[in-house]
Amino acid sequence: MPTIGIGRVKDQPIESELFDTDKERTMYKPRDETWTEIGHDLTVDGIGVNIVLAPFKYMDIGSVGVVASLTGGDLFFLPRFDPLRDEIVLDSHLQRLMRRMQGYNCVMRIRSSTGINITSTHYGNFYQTSPTNLEFGVLDADKAISVVLEHSGRTLSSRDTVHLQSSLLYTTISGERRARICNLSLQVAELAGNVFQYADLDTTLCHLAREALALRLKQKMSIVREDLTEKCGSVLLGYRKNCASASRVDQVYEVQKVLLALILPEVFKALPSYILALSKSKPLKGLLVSSDARNYHAHRMNSMSIRSLIHYLYPQLMALHDLEDTTALPNEYGRTRFPSVTRNSHTFMEADGIYLIDNEETSIFWVGHSVSPQLLLDLFGVDDVMMLDPHLVSTSTSPWAVNIDLKQRKAQLPTLETRLSTQVRNILTHRHLRRGRRNKILIARQNLDATEIEFSDMLVEDQNNGNLSYTDCKSPGFDRARTLSDVVHSDRPCSGSQTDNQRA
């Protein structure tokens, strides 16, 4: 924590006293405006700041991290840094930092055609100098922003198209000043059914996530979570009001002895579970989480691409003991088919299995207490669950040592001549190449390791993170939506809507 010099801050706040109060928001803002001014000045000068943090105690990322956020840089947060566990992750982060496509001293502006206005509300990690101009000290291939559009009031016909343009002026690593222009043409839709049919759930969720992160600086966290639930209900109610036929609305389905009468649009049928996952994310969850962790994950979520953010909110859970013989192995044409994922709940897991969960930050192997010794031998090289190393650290020489070949760095997963080992390593390599970096890999042995708590928190459909399970929380929300729709009492379907679906 900066305690001397410019930007110094006072003693660490007592977070337990501020949690769930109106003053909680002060932990997510710079405690000294000097840090904000530094970020502004660096951005204007075309400098992006990337910060590596490896604290063993409170760091005040809310103050220090704003420099990276305003300049378009990255935060690398490795609390209680352990070289045996974290050196490969740090090395991979630094390599990605140097090798990815990026530009410097960037100025961005979004434009639209007549009928649509670009509001002054933008979400992401940048410095907004005016309602229309965004400045980045550095802008790279891993960043994304969100922009709010509004209807200007001018009548648009279904024959019209709306045009959007993103223009970016930047400097390359070779010193050339260039402009990158991206144009998008969208068809105007008059029917509500077409709006729901062609909507993009992932983009909608990412925008709601960034909006919630901005609101946490102004409102209590509990109000932010309630606002997310209200918006989810409004989307589903809008579909039922404008698109679902009366005959469909009057139908009642009995699922697991719970009466439900909510019609979900095809595109947004997974929205309730995603909103629940967002409410359980580290920046927004209803449990006492250190402000450093909340601020770091908020910074990451504000800059993630759509795919990365979806996988972060709803981690990919995969059953490794059920892999088919040809899965994750190249066929005769050199193509590789990767396995499907399962829903994030203990309900769908077995005690004699091995599961891999990945939220873009951490990958955890969950090993059941009844797992077969042969599975352990094929994947980890040991046949007893008590012999597993929770951090998957081998005895290879450290790559940070002097005069040591970097190829001798520690391996995170044993390289074995078994089909299962090859399959799992291919899956990990595929994900590494897709995101351009490695993440931390841990083992959670059932009822043995503390990392099982973190694994359980990733199962967002279960009751955890200070929130209900998906099964428990959907019934009250469905009842509320049904009550509101009864008040509206609209029974006229709109043409162009897709087949209604019931999410059990």
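Note that the coordinates shown come from a computational prediction; the quantities given were computed from them, not determined experimentally. (Residues numbered from 1 in each chain as written. Predicted model: local features only at pLDDT ≥ 70, side-chain atom pairs only at ≥ 80, totals over all residues. Heavy atoms only, no water.)

*Asks:* Lay out the packing of aromatic side chains with the relevant residues and their values.
*Replies:* As enumerated under the stated definition, the model contains eight aromatic pairs in all. Ring centres of Phe 77 and Tyr 296 lie 5.2 Å apart, and the angle between their planes is 40 degrees; on these two criteria the pair is classed as tilted. Taken together, the residues span a long stretch of sequence, with Phe 77 in strand S2 (residues 75–77) and Tyr 296 in helix H10 (residues 291–303) at a distance of 219 residues. Judged on exposure class, the residue Phe 77 and its partner Tyr 296 are both buried. The ring of Tyr 28 carries Arg 216 above its face, with NZ or CZ at 4.5 Å from the centroid. (Phe/Tyr/Trp six-rings, centres within 6.5 Å; stacked < 30°, edge-to-face > 60°. Helix = DSSP H or I, 4+ residues; strand = E, 2+ residues; numbered from the N terminus. Buried < 20%, exposed > 50% of the residue type's maximum accessible area, 1.4 Å probe, protein only. Lys NZ or Arg CZ within 6 Å of the ring centre and 35° of its normal.)

*Asks:* Any chance you could break down helix H4 (residues 83–99) for me, citing the residues and the numbers?
*Replies:* With 17 residues, H4 should cover 24 Å at 1.5 Å per step; its first-to-last C-alpha distance of 23 Å lies within 8% of that length. What H4 keeps buried is the set Arg 85, Asp 86, Glu 87, Ile 88, Val 89, Leu 90, Asp 91, Ser 92, His 93 and Leu 97. (Expected span 1.5 Å × (residues − 1).)

*Asks:* Describe the nonpolar core, and please don't skip the residues or the numbers.
*Replies:* Core analysis: the biggest nonpolar cluster contains 38 residues, and Leu 278, Leu 284, Met 301 and Leu 309 have the highest contact counts within it. Elements supplying a minimum of two residues to this core: helix H6 (201–215), helix H7 (221–242), helix H9 (271–279), H10 and helix H11 (306–313). Examining the composition of this core, we find that eight residues originate from one element, H6, more than from any other. Excluding anything up to four places from it in sequence, Met 301 contacts Ala 209, Arg 210, Leu 213, Leu 278, Ser 281, Pro 283, Leu 309, Tyr 312 and Leu 313. If you look at the next biggest cluster of nonpolar residues, it comprises 24 residues, including Phe 365, Leu 379, Leu 388 and Leu 428. (Core = buried A, V, L, I, M, F, W, Y, C linked by side-chain atoms within 4.5 Å. Contact = heavy atoms within 4.5 Å.)

*Asks:* Talk me through the side chain of His 299; I want residue IDs and the actual numbers.
*Replies:* In this fold, His 299 is placed in helix H10. The exposure class of His 299 is buried, given its relative accessible area of 4%. Among the polar contacts listed, one links the side chain of His 299 to the side chain of Ser 69, at a separation of 2.8 Å. Filtering out sequence-adjacent residues up to four positions away, His 299 remains in contact with Ala 68, Ser 69, Gly 73, Asp 74, Leu 75 and Asn 125. (Polar contact = N/O pair within 3.5 Å; in protein donor to acceptor, adjacent residues only side chain to side chain.)

*Asks:* Account for unusual backbone geometry, with residues named and values stated.
*Replies:* Glycine aside, negative phi is the norm for most residues, and most peptide bonds take the trans geometry. Even without being a glycine, Asp 60 presents a positive backbone phi close to 60 degrees. Locating Asp 60 in the fold gives a position in the loop between strand S1 (51–53) and helix H3 (61–71). Given a relative accessible area of 1%, Asp 60 falls into the buried group. A positive phi angle, near 60 degrees, is found at Ala 328, a position not held by glycine. Tracing the sequence through the fold places Ala 328 in the loop between strand S12 (316–319) and strand S13 (354–358). We classify Ala 328 as buried; its relative accessible area is 0%.

*Asks:* Tell me what's going on with the side chain of Arg 85, and back it up with residues and numbers.
*Replies:* Relative to the helices and strands, Arg 85 is located in helix H4. Setting aside anything within four residues of it in sequence, one finds Arg 85 in contact with Pro 79, Arg 80, His 391, Gln 412, Lys 440 and Leu 442.

*Asks:* Can you lay out the pattern of salt bridges for me, pointing to particular residues and giving the numbers?
*Replies:* Following the criterion strictly, the structure yields 22 salt bridges and no others. Asp 140 serves as the salt-bridge partner of Arg 100, at 3.1 Å between the closest nitrogen and oxygen. Here Arg 100, found in the loop between H4 and strand S3 (102–112), pairs with Asp 140, found in strand S6 (residues 133–140); they are 40 residues apart in sequence, far enough to count as distant. Across the salt bridge formed by Glu 361 and Arg 300, the nearest N and O atoms sit 2.8 Å from each other. Residue Glu 361 is found in the loop between S13 and strand S14 (362–367), and its partner Arg 300 is found in helix H10; the two are separated by 61 residues along the sequence. The two residues Glu 361 and Arg 300 agree in class, both being buried. (Salt bridge = Lys/Arg side-chain N within 4 Å of Asp/Glu carboxyl O.)

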